[in-house]
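Listed here are the chains, written in short residue letters.
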Amino acid sequence: MCDDPLLPEPVARALAAYRALRDAHDVRWGEPPLSYVVQAWATVFLDRRHPYWKHALGQIAERHPGLSASEWESRLGEVDPALVVRDALGGDVLDNLAALRLTPEGFELAADTRVVLGDAPFRTALLLDSSRDEPVEVVVDGTAYEVPVRGAKVVEVEREVAVGGRPVDLAPLSRRAAAATVRLRAGFPCRWSVTGANGQGWYPEGAPAKVDALRRPYFHGDDLVLAVPAEPITVTVTRGMEYTSAEIALTPRAGAETLVELTPERLYDAAARGWFGGDLHVHLNWMGEEPAAPALAAAAQHGEDLHVLNLVAGNVASERVYDVEALAHWVGEDLPWSDDHHLARLGVEYRNDVVGHLTAFGLRALPGRYHAGFQGTADWPPNAVACAELRALGGVTSYGHPFHTAFGDDDPPDKVLDRGRDCSAREIVADAALGLVDTLDVLNHSSVAATAAVYRRLIGAGNRLAVTAGTDAVLSFCRRGTASSPPGWERVYANVAGPLTAESYAEAILLGRTFATTGPWLELSVNGAGPGETLALAPGQRAQIVLTSIGPEVESLEIRTSEGVLAQGPPGRLAASMEVREPTYVVAVASGGAHPRTMHWSGAYAHTSPVYVDVAGGHVAREADVRWCLAWLDRLEVVLKEWGTFESAAQLDDHLELYERARAVYRARLT
């Protein structure tokens, strides 16, 4: 029996099963080939400069020229991912994928040469990229692979490669270097990066070789020892978004240990102000290169100084629910590494690819369902049923990674709705009207701008939803954009009354005392009231609004009401005044471009929950927003009938009846 409190026996058995799946298959762990499963494999070898979806869609469009764009998207699971990788790279070579170019004249090996210490074997992925007009056989470590005409394959190589019986010189893959040792010490857990002159990362023994969305190597802890080359290296330390980073360059001496003492400085201290930052959507295991044990989550949470971590159990594309064993063992309890300022819980991601993915934080017991609509099963019941069950079990419910396409404040609903089974949060317009969902992850790994635009429509239509954040970080991935970034690279800060507990944090979220951020600190005051509060004013009274920000990545501040942008200005402080005539809300937004502190592809962003302004007893329900929500529900019916799978008319009717109940709520608000 395992006596490790962070690895109880059921969790250890599950972890061993995940490793067996990885070993028997690849990073996809044998999951059915849905579009995002195929994409997961390919994007291990790509970065932001090399867009996957563009080339995947191009491949499908070439195969099926007569289909519509939405039909192309529905076939993305059919792509040849190795060809997508080859085409997306466009001749570039990344550090984890060498390329053997098979040309009509012969072959050529291209690689970003890696440094290897001592006699350690070196193994890497190899792209077999053919421009020949006939198939070609390549033998890699004794295994023969046939590369089709102008095709591509990705294989693993360690010892030898031959093309047509001719050996390939593998010298460009690696070079040997003398070893040294460094000891890293900050005085508290941090996030560290140790890189060589070529950008190669170095890690403590046993630590997964993780890189973040900016391709920066990292690991967590304090007083850590690791082997490095006796060559120039750079050590960088930080500790999540509340800290700056510190850096030092050095050349350690071969055969000796060099002590590096480096401490990041605080940029702001949220907990000292009563605010605690959380990431409400993180997976331990969900495919990936290296199955993750709870100890990895503990190190990441403390190393990022992430106050609240919600690890969610969820399926990928089959019946298997990853980390359900951990959920069953710890449900309703703080995880063992929790302390006064760091709270970790097990929650759930309930998944349906047609109407959206839900997360729940603070569950007291196991739910009876985890997903619907996979492997040909019915898209039933509606998510509303899962919402009700998760809330009855104590869960705070939210829609995660809500919208993936460019979408603006004035766009019609069909622009974001008509995209097949793409995991968008389509049902939220109904669930919000009926009071069945608590929050929306305005900060997510998908389109923040699109989600914020939908969010403001929802609150403008009279729905009370808090802003939250969920990164969808996956600890079992090592090199996959934001999925392999550390938990908490986006956070929802909640103003907690009293000590930090699951209950006090949930209460603060439910009251709307929140803002979500990629890093900037935001503080909003409307006549002294903050997010989640309601001001009762008479027509003609004035509201004085003050917004402050902290963070070097902020370029612009906005104060918004239900009518749009009220004021805009540079970072630091923005003040505005408005005369109130009708019920409205006030929210604040901070934005900026690419920055080392920001891992979202669209740049820096922060958004508060509303301060509600009631006038003469009336609550905001802007007619244009209400009618927009009604148009959404009308279009959603069409989308559901086109893309949904149902075993009976009654199952579809359950969805349609839900939408009709929501319509009744919105219509009542028009009067």
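What you see is a predicted model, and the numbers here were worked out from it, not measured in a lab. (Residues numbered from 1 in each chain as written. Predicted model: local features only at pLDDT ≥ 70, side-chain atom pairs only at ≥ 80, totals over all residues. Heavy atoms only, no water.)

J.: Which parts of the structure should I look at to understand the overall build of the protein chain?
T.: Of regular secondary structure, the protein chain possesses 14 helices and 38 strands. Reported as C-alpha extents along the three principal axes, the dimensions of the protein chain are approximately 85 × 60 × 55 Å. Of all 671 residues assigned to the protein chain, the portion counted as buried reaches 59%. Here the contacts in the protein chain between residues at least 6 apart in sequence split such that 72% fall between residues at least 24 apart. Approximately 24,800 Å² of the protein chain is accessible, and the part contributed by carbon and sulfur atoms is 51%. When the 60 positive and 89 negative side-chain charges of the protein chain are each reduced to one mean point, those points stand 2 Å apart. (Helix = DSSP H or I, 4+ residues; strand = E, 2+ residues; numbered from the N terminus. Buried < 20%, exposed > 50% of the residue type's maximum accessible area, 1.4 Å probe, protein only. Contact = heavy atoms within 4.5 Å. Areas by Shrake-Rupley, 256 points an atom, 1.4 Å probe, with all protein chains shown as cover. Lys, Arg positive; Asp, Glu negative; His and termini not counted. Charge placed at Lys NZ, Arg CZ, Asp CG, Glu CD.)

J.: Help me out: how do you make sense of the sheet that holds strand E35 (residues 573-579) in this one?
T.: One key point about sheets: their strands pair by backbone hydrogen bonds, in either a parallel or an antiparallel sense. Read across the open sheet, the three strands follow the order E30-E32-E35; overall the sheet is antiparallel. Each end of this open sheet is capped by a strand with a single partner; those strands are strand E30 (521-526) and E35. Along the sheet, successive strands turn relative to each other by an average axial angle of 15 degrees, direction set aside. (Pairing = 2+ DSSP bridges. Axes fitted to C-alpha atoms, helices over the stretch in contact; angles between N-to-C directions.)

J.: Explanation requested: the nonpolar core in the structure shown.
T.: A general trend in soluble globular proteins is that nonpolar side chains are found buried together. Within the largest apolar cluster, 147 residues are counted, with the highest numbers of intra-cluster contacts made by Leu311, Ile428, Tyr505, Trp632 and Tyr666. With 10 residues, the single largest contributor to this core is helix H13 (residues 623-643). In this structure, Tyr505 is in contact with Phe276, Gly277, Gly278, Leu280, Val308, Phe361, Val492, Ala494, Val496 and Leu500, ignoring residues within four places of it in sequence. (Core = buried A, V, L, I, M, F, W, Y, C linked by side-chain atoms within 4.5 Å.)

J.: Please clarify how the packing of aromatic side chains should be interpreted in this entry.
T.: The way to describe two aromatic rings as a pair is by their centre distance and the angle between their planes. Across all of its chains, the model carries 19 aromatic pairs by this definition. Note on Trp275 and Trp521: the rings are 5.9 Å apart at their centroids and 85 degrees apart in plane angle, and the pair reads as edge-to-face. Within this pair, whereas Trp275 is found in strand E19 (residues 275-283), its partner Trp521 is found in strand E30, the two being separated by 246 residues in sequence. With a relative accessible area of 1%, Trp521 lands in the buried category. Ring centres of Tyr493 and Trp521 lie 5.8 Å apart, and the angle between their planes is 70 degrees; on these two criteria the pair is classed as edge-to-face. (Phe/Tyr/Trp six-rings, centres within 6.5 Å; stacked < 30°, edge-to-face > 60°.)

J.: Looking at this structure, how should I read the sheet that holds strand E18 (residues 257-261)?
T.: The strand order E15-E11-E18 describes an open sheet built from three strands, whose pairing is mixed. The outermost strands of the open sheet, each flanked by one partner alone, are strand E15 (224-229) and E18. On average, each strand axis in the sheet is tilted by 30 degrees relative to the strand beside it, whichever way the strands run. Of the strand pairs in this sheet, strand E11 (residues 179-185) and E15 are connected by six bridges, and their pairing is antiparallel. The residue of E15 that forms the bridge with Ala180 is Val228.

J.: In this structure, what is going on with the pairing of strand E29 (residues 514-517)? I would like to understand it.
T.: Looking along a regular strand, one sees the side chains alternate between the two faces of the sheet. Residue alternation in E29 divides its side chains into two sets, Thr514 and Ala516 and Phe515 and Thr517, and both sets are buried. Pairing analysis gives four bridges linking strand E28 (residues 491-495) to E29, with the strands arranged antiparallel. By the bridge assignment for E29, Ala494 is matched with Thr514. Looking at chain direction, E29 and strand E37 (residues 604-608) are connected through three bridges and run antiparallel. Looking at the pairing, Ala516 lines up with His607 of E37.

J.: Just to check I follow, could you spell out the environment of Glu134 for this structure?
T.: The residue Glu134 is located in the loop between strand E4 (124-130) and strand E5 (136-140) in this model. Residue class for Glu134 comes out partly exposed when judged on its relative accessible area of 41%. Taking the C-alpha atoms as reference, Glu134 lies 7.7 Å from Arg150; in sequence the two are 16 residues apart.

J.: Where do I start with helix H11 (residues 448-460) in this structure?
T.: For the α-helix, the turn length of 3.6 residues means that residues three or four positions removed from each other point alike. Over its 13 residues, H11 extends 18 Å from the first C-alpha to the last, a length consistent with the 18 Å expected when each residue adds 1.5 Å. In terms of residue burial, H11 counts as a mostly covered element, since 12 of its 13 residues are buried. All buried positions along H11 are accounted for by Val448, Ala450, Thr451, Ala452, Ala453, Val454, Tyr455, Arg456, Arg457, Leu458, Ile459 and Gly460. Where H11 begins, the capping side chain belongs to Ser447, and its oxygen is found 3.1 Å from the backbone nitrogen of Ala450. Phi turns positive, to about 100 degrees, at Gly462, one or two residues after H11. (Expected span 1.5 Å × (residues − 1). Polar contact = N/O pair within 3.5 Å; in protein donor to acceptor, adjacent residues only side chain to side chain.)

J.: Can you walk me through the state of the cysteines in this structure?
T.: Disulfides are covalent bonds that connect the sulfur atoms of two cysteines. A full pass over the atoms with the stated rule returns zero disulfides. Note on Cys629: no disulfide assigned, nearest cysteine sulfur contributed by Cys387 at a separation of 16 Å. When its relative accessible area of 0% is taken as the criterion, Cys629 is described as buried. (Disulfide = S-S within 2.5 Å.)

J.: Any chance you could explain the side chain of Arg132 here in plain terms?
T.: Mapped onto the fold, Arg132 is located in the loop between E4 and E5. When sequence neighbours within four positions are dropped, the list of residues in contact with Arg132 reads Leu102, Thr103, Pro104, Gly106, Val149, Arg150 and Val163.

J.: Help me understand the environment of Gly530, please; the structure alone is not making it clear to me.
T.: Position of Gly530 among the secondary structure elements: in the loop between E30 and strand E31 (534-537). If sequence neighbours within four positions are ignored, Gly530 has contacts with Leu524 and Val611.

J.: Help me understand the pattern of salt bridges in this model?
T.: Opposite charge on two side chains lets them pair, provided their charged atoms get close. Within the structure shown, the criterion is met by 54 salt bridges. Measuring nitrogen to oxygen at the nearest pair gives 2.6 Å for the salt bridge that ties Asp438 to Arg391. Highlighted residues: Asp438 in the loop between helix H10 (428-433) and strand E25 (439-443) and Arg391 in helix H8 (residues 383-392), separated in sequence by 47 residues. With a closest N to O distance of 3.1 Å, Asp634 and Arg663 form a salt bridge. Of this pair, Asp634 sits in helix H13 while Arg663 sits in helix H14 (residues 649-670), and the two are 29 residues apart along the sequence. With relative accessibility at 4%, the residue Arg663 sits in the buried group. The structure contains a network of salt bridges with shared partners spanning Asp95, Asp112, Arg114, Arg215 and Arg479. (Salt bridge = Lys/Arg side-chain N within 4 Å of Asp/Glu carboxyl O.)

These figures come from the coordinates and say nothing about function on their own.
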